[in-house]
Amino acid sequence: MPIDAAHLHLMLNHLPVIGAPLLLLLLTLGLLRRSRELTLVSLSLIVGLAAATTLVYLTGEPAEELVEHASWFREALTETHEEQATVSFVAALVTGLLAAAALVFRSRPEAARWLTRAVWGTLVATTLLLGWTAWTGGQIRHEEVRLESAR
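Just so you know, these numbers come straight off a predicted model, no measurement behind them.

## Topic: a nonpolar patch on the surface
- A cluster of nonpolar residues, I3, L8 and M11, forms a patch on the protein surface that exposes about 290 Å² of accessible area.
- By the element assignment, L8 lies in helix α1 (residues 5-12).

Written out as structure tokens, the structure reads:
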């Protein structure tokens, strides 16, 4: 069975959802321990996280086109997920760009410190947004997590 956009989207979407909180933990440890190495590794991986999130985002629309005629497909749930995904995508890109800037300016301690703290703050927001996006995406195919099914 060939891998199509829907399979690719479902496989890749776990990278940002799991990666963001793990990288938040890693960056937090780096900052608390004042470990330059751990902080630099975290920042580098956060740039990679932004790239992975981009791939997930770009596979979303083709995945929708493959399943939009399925009997279980609900347009309203998909639209909610798409809107939330756009917000999460932008947040991940901003976080990744800030992380890249922190890496570029690492030879300037004051700028790097400010940028790294900005990365930490945006990564907190990105982690929460990605979690919400995953939850809205899960509702598309998993009735058990839909609010209306709990009633």
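## Looking at the nonpolar core
- Formed by 15 residues in total, the largest nonpolar core has its most connected members in L43, I46, V119 and L123.
- Residue assignment for this core shows that the elements contributing at least two residues are α2 (14-32), α3 (36-67), α4 (75-104) and α5 (109-141).
- When near neighbours in sequence (up to four residues on either side) are disregarded, I46 contacts L23, L27, T95, G96, A99, V119 and L123.

## A few points about the packing of α1 against α2
- It is the contact of α1 with α2, at a shortest axis distance of 5 Å, that shows an interaxial angle of 10°. Taken as axis vectors, α1 and α2 run roughly parallel relative to one another. When α1 is examined against α2, the residues L10, M11 and L12 are found in contact with a partner set consisting of H14, L15 and P16.
- Looking at side-chain class alone, the contact of α1 with α2 contains five nonpolar, one polar and no charged residues.

## What to know about the packing of α2 against α5
- With their axes 9 Å apart at the nearest point, α2 and α5 run at an angle of 155° to one another. In terms of orientation, α2 and α5 fall into the roughly antiparallel class. In the packing of α2 onto α5, the handedness of the crossing is left-handed. Side by side, α2 and α5 meet where P16, V17, A20, P21, L23, L24, L27, T28 and L31 of the first sit next to T116, V119, W120, L123, V124, T127, L130 and A134 of the second.
- Of the residues in the contact of α2 with α5, the class split is 14 nonpolar, three polar and no charged.

## Here we look at the side chain of T53
- Checked against the element boundaries, T53 lands in helix α3.
- Sequence-distant contacts of T53, defined by excluding residues within four places in its chain, comprise P16, F89, A92 and L130.

Parameters and conventions
Residue indices begin from 1 for each chain and proceed along its sequence in written order. For this predicted model, a pLDDT threshold of at least 70 governs which residues receive local features, and a threshold of 80 or more governs which side-chain atom pairs are given and counted, while totals over whole chains, interfaces and linings are taken from all residues. Side-chain measures were taken over the full set of non-hydrogen atoms in the model, leaving aside hydrogen atoms and water. Residues enter patches when they are more than 30% accessible in relative terms and free of salt bridges; like-charged ones are connected within 9 Å and nonpolar ones (Val, Leu, Ile, Met, Phe, Trp, Tyr) within 5 Å. Using the Shrake-Rupley algorithm and a 1.4 Å probe, accessible areas are obtained, with residue cover drawn only from the displayed protein chains. Salt bridges, as used here, are contacts in which a Lys or Arg side-chain nitrogen is within 4 Å of a carboxyl oxygen on Asp or Glu. Counting from the N terminus, the helices are DSSP H or I runs at least four residues long and the strands are E runs at least two residues long. Grouping buried Ala, Val, Leu, Ile, Met, Phe, Trp, Tyr and Cys residues that are joined through side-chain atoms within 4.5 Å yields what is termed a nonpolar core. Partly exposed residues are those whose accessible area sits between 20% and 50% of the maximum for their type, while under 20% is buried and over 50% is exposed, using a 1.4 Å probe and protein chains only. Residue contacts are counted whenever heavy atoms from the two residues lie within 4.5 Å of one another. Helix axes are fitted only over the stretch in contact, all axes being lines through C-alpha atoms; the angle between N-to-C directions runs from 0 to 180 degrees. Any angle from 65 to 115 degrees is called roughly perpendicular, while one under 35 is roughly parallel, one over 145 is roughly antiparallel, and all others are oblique. Each residue gets one of three labels, nonpolar for Ala, Val, Leu, Ile, Met, Phe, Trp, Tyr, Cys and Pro, charged for Asp, Glu, Lys and Arg, and polar for the others, Gly among them. The crossing is said to be left-handed when, going from far helix to near helix, the turn is anticlockwise and less than a right angle, and right-handed when the turn is clockwise.

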